[in-house]
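# Architecture and fold: a report
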Amino acid sequence: MIDTRPTLDRPASLAEIAQAAAALKLPPVESWHPERTGDSEMRIARDGTWFHQDAPIPRPEMVRLFSTILRREADGRHVLVTPAEKLDIAVEDAAFNAVAVASEGEGEARRLGFTLNTGDPVVAGAEHGISLRDGAPYLHVRGGLEARIARPVYYELAEIAIAEGGDPPGVWSEGVYFALMDAA
């Protein structure tokens, strides 16, 4: 199977991120419930590196392909699922990392487009919220899967929040306000 998903391997404009996000077509993993289960012997490290049997997976194309069949179960486990099998995968923190952001507009009219470490595009909004957990920022990607927002990206968001002066400090995207720190 050839991975034909639109991905962003370089910094992208918000228009490019939004266009790629709209064109993204993923397998229907939520509808697959195979009887064969097991352990993939894979893990996703906190920094977003994918490992198989404790060796990093060197090919980004393989990581991208595996990321398309990643699903989060109701009990919080992460699995790689196909119509034929479902294999557990260890995830140290979040399944993805948000490694770049593009911003357009100001205040309530702002839109924020993120690029994940897999090259996938996500536009923050009602379906893709930004939240804090233990002081760390996360972006909802899909079906319970999250991306930890990388520190440099968080600093970019903090600069926007400080410039716009919300209380609590936060950012707008697609008409939704996302606080970047807990209310005092």
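Above this text is the structure in question.
Let me begin by describing the structure that accompanies this report. (Residues numbered from 1 in each chain as written. Predicted model: local features only at pLDDT ≥ 70, side-chain atom pairs only at ≥ 80, totals over all residues. Heavy atoms only, no water.)

### Details of the nonpolar core
- By size, the foremost hydrophobic cluster in this structure holds 35 residues, and its most contacted members are W50, L70, L112, F114, I130, L139 and V171.
- Those elements that provide at least two residues to this core are β1 (36-44), β5 (78-81), β6 (85-91), β7 (96-104), β8 (111-116), β11 (136-142), β12 (145-149) and α3 (151-164).
- Among the elements that line this core, the one with the most residues is α3, at four residues.
- Here V171 is in contact with L112, I130, L157, I160, A161, V176, Y177, F178 and L180, once residues within four sequence places are set aside. (Core = buried A, V, L, I, M, F, W, Y, C linked by side-chain atoms within 4.5 Å. Buried < 20%, exposed > 50% of the residue type's maximum accessible area, 1.4 Å probe, protein only. Helix = DSSP H or I, 4+ residues; strand = E, 2+ residues; numbered from the N terminus. Contact = heavy atoms within 4.5 Å.)

### A closer look at the pattern of salt bridges
- Counted according to the given criterion, the structure contains 13 salt bridges.
- A salt bridge links R43 to E92; its shortest N-O distance comes to 2.7 Å. Here R43 is found in strand β1, whereas its partner E92 is found in the loop between β6 and β7, with 49 residues between them in sequence.
- Judged by its relative accessible area of 49%, E92 falls in the partly exposed class. (Salt bridge = Lys/Arg side-chain N within 4 Å of Asp/Glu carboxyl O.)

### What to know about the sheet that holds β8
- Read across the sheet, six strands follow the order β9-β8-β7-β12-β11-β10 without closing on themselves; strand pairing throughout is mixed. Of all the strands in the sheet, just β9 (121-123) and β10 (130-133) have a single pairing partner and so form its edges. Between one strand and the next, the sheet's axes are offset by a mean angle of 40°, whatever the strand orientation.
- Pairing of β10 with β11, which is carried by four bridges, proceeds in the antiparallel orientation. Opposite S131, over in β11, you have Y138 as the bridge partner.
- Contacting β7, β8, β11 and β12, α3 crosses the sheet at an angle of about 30° to β7. (Pairing = 2+ DSSP bridges. Axes fitted to C-alpha atoms, helices over the stretch in contact; angles between N-to-C directions.)

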